[in-house]
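# A look at the structure
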Amino acid sequence: MDVKTARRSGLKKVGEVADIFGTTPRTLLYYEEQGILSPMKTARGTRMYSDADIKRFEVAYKLSCLGVPLKTIRDLATTRPNAQTGDESGRKLCGILDGLVEDISRQIRHLEFMKQDLERGRLMIRMCWDCPNRPTRRTCPKCPCEVQMDQSQLMWLTWDPDRPNLPPSNPGEPPTKCMEASFPDVADAEPGLAEPVSVQPVPAEPEGPQPKRRPGRRNLGERQRKTTAAAD
C-alpha cells in the first residue's frame, strides 16, 4: 500500500498524529519501540496510523501524562497478546490495574490536600493587601502569614525564610519523591482557616539607644506630695 492509498483509507502520518496531541513524532516512535504501538507501514516504510492506533496512543499518552511509568503502560499493552489463557491475562491485568487505582487514589488525596492548603494560604496572603510594612518578621511581626503560619504549608515557601532551624517533620525518614510525599490525609487536615488576626501597620523600631524621657507633670506632682508627707 502506498501513501495515497493509505490516505484514502483514512490513515494518518506520524506528524499528523503528533499534531493532534501536541507532541512530537519522536514520542510516537518511542512508544513504537517500546511495543505499545504498531502502525502499518507502506512499501517505502512510511508509518500510517489508523483510528485504532490513534485511540491506543491517546490512552497510553494520557496515562503517561498522569505520571504512570512507561513500563506499566507497556505491560498493559502487551500482557493480553502475550498470555496463553484468558485467566492468565485477566489476573495479570487486574493486578496492574489494582496498583494503578491505588496510586491514583493516593494522588487524588494529595492533590485535594494541596488544593485546600493553597486556598488557606491565599486567604492569609490577601490579608496583607494595603499593608505598608515590609513583609519580614522584624518589620511586621503581627503579619497573619507569621502569626498563623501553621495554617498553611505554603507559608514555608512564600514567607520570610529568616527563621530558626526546626527539627524535621519526619525525623529519620529520607526525602520522598514528589507524588510519594507524606501529605496528611484530607480527613486529618484542618477543616478551615482560623479566625483572622486583626493586623495594624507596625512601625519599625529605631535602631540605637533611645534617649530617656523627662518625667511628666503628673510624676513631678506625685514626687512632691511624697516628699511633703515624709517631712511631716
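Figured I'd write up the structure that's included with this text. It should be emphasised that the depicted structure is a prediction, and the values quoted were computed from it without experimental measurement. (Residues numbered from 1 in each chain as written. Predicted model: local features only at pLDDT ≥ 70, side-chain atom pairs only at ≥ 80, totals over all residues. Heavy atoms only, no water.)

Before going further, it helps to examine the pattern of salt bridges. A complete count under the given rule lists twelve salt bridges for this structure. Here Glu 58 and Lys 62 are joined by a salt bridge, their closest N and O atoms 3.3 Å apart. Residue Glu 58 and its partner Lys 62 are both found in helix α4 (residues 51–65); the two are separated by four residues, about one turn of the helix. The exposure class of Glu 58 is partly exposed, given its relative accessible area of 21%. (Salt bridge = Lys/Arg side-chain N within 4 Å of Asp/Glu carboxyl O. Helix = DSSP H or I, 4+ residues; strand = E, 2+ residues; numbered from the N terminus. Buried < 20%, exposed > 50% of the residue type's maximum accessible area, 1.4 Å probe, protein only.)

With respect to the element layout, Arg 137 can be found in the loop between α6 (86–126) and α7 (144–147). A distance of 2.8 Å separates the side chain of Arg 137 from the side chain of Glu 146, its partner in a polar contact. (Polar contact = N/O pair within 3.5 Å; in protein donor to acceptor, adjacent residues only side chain to side chain.)

This part is about the nonpolar core. Soluble, globular proteins show a tendency: their nonpolar side chains are buried together. Counting residues in each nonpolar core, the largest one holds 17 residues, and the members touching the most others are Leu 28, Tyr 31, Ile 36, Tyr 49, Phe 57 and Ile 73. Those elements that provide at least two residues to this core are α2 (14–21), α3 (25–33), α4 and α5 (70–82). Element by element, the count of residues in this core is highest for α4, at five residues. Beyond its immediate stretch of four places on either side in the chain, Ile 36 contacts Tyr 31, Arg 56, Ala 60, Leu 70, Ile 73, Arg 74 and Ala 77. In terms of nonpolar packing, the next biggest core, distinct from the first, is built from eight residues, Cys 143, Leu 154, Met 155 and Trp 159 among them. (Core = buried A, V, L, I, M, F, W, Y, C linked by side-chain atoms within 4.5 Å. Contact = heavy atoms within 4.5 Å.)

Another point: the packing of aromatic side chains. A full pass over the atoms with the stated rule returns four aromatic pairs. Each ring, one from Phe 21 and one from Tyr 61, has its centre 6.3 Å from the other, and the planes form 65°; the classification is edge-to-face. In this pair, Phe 21 is assigned in helix α2 and Tyr 61 in helix α4, connecting sequence segments 40 residues apart. Among the residues examined, Phe 21 registers a relative accessible area of 21% and is labelled partly exposed. Aromatic pair Tyr 31 and Phe 57: ring centres 5.3 Å apart, planes at 70°, arrangement edge-to-face. Placement of the pair is Tyr 31 in helix α3 and Phe 57 in helix α4, with a sequence separation of 26 residues. For the residue pair Tyr 31 and Phe 57, the accessibility class agrees, reading buried in each case. (Phe/Tyr/Trp six-rings, centres within 6.5 Å; stacked < 30°, edge-to-face > 60°.)

Moving on to the state of the cysteines. Summed over all chains, the structure comprises zero disulfides. For Cys 131, which is in no disulfide, the shortest distance to another cysteine sulfur is to Cys 140 and amounts to 4.0 Å. (Disulfide = S-S within 2.5 Å.)

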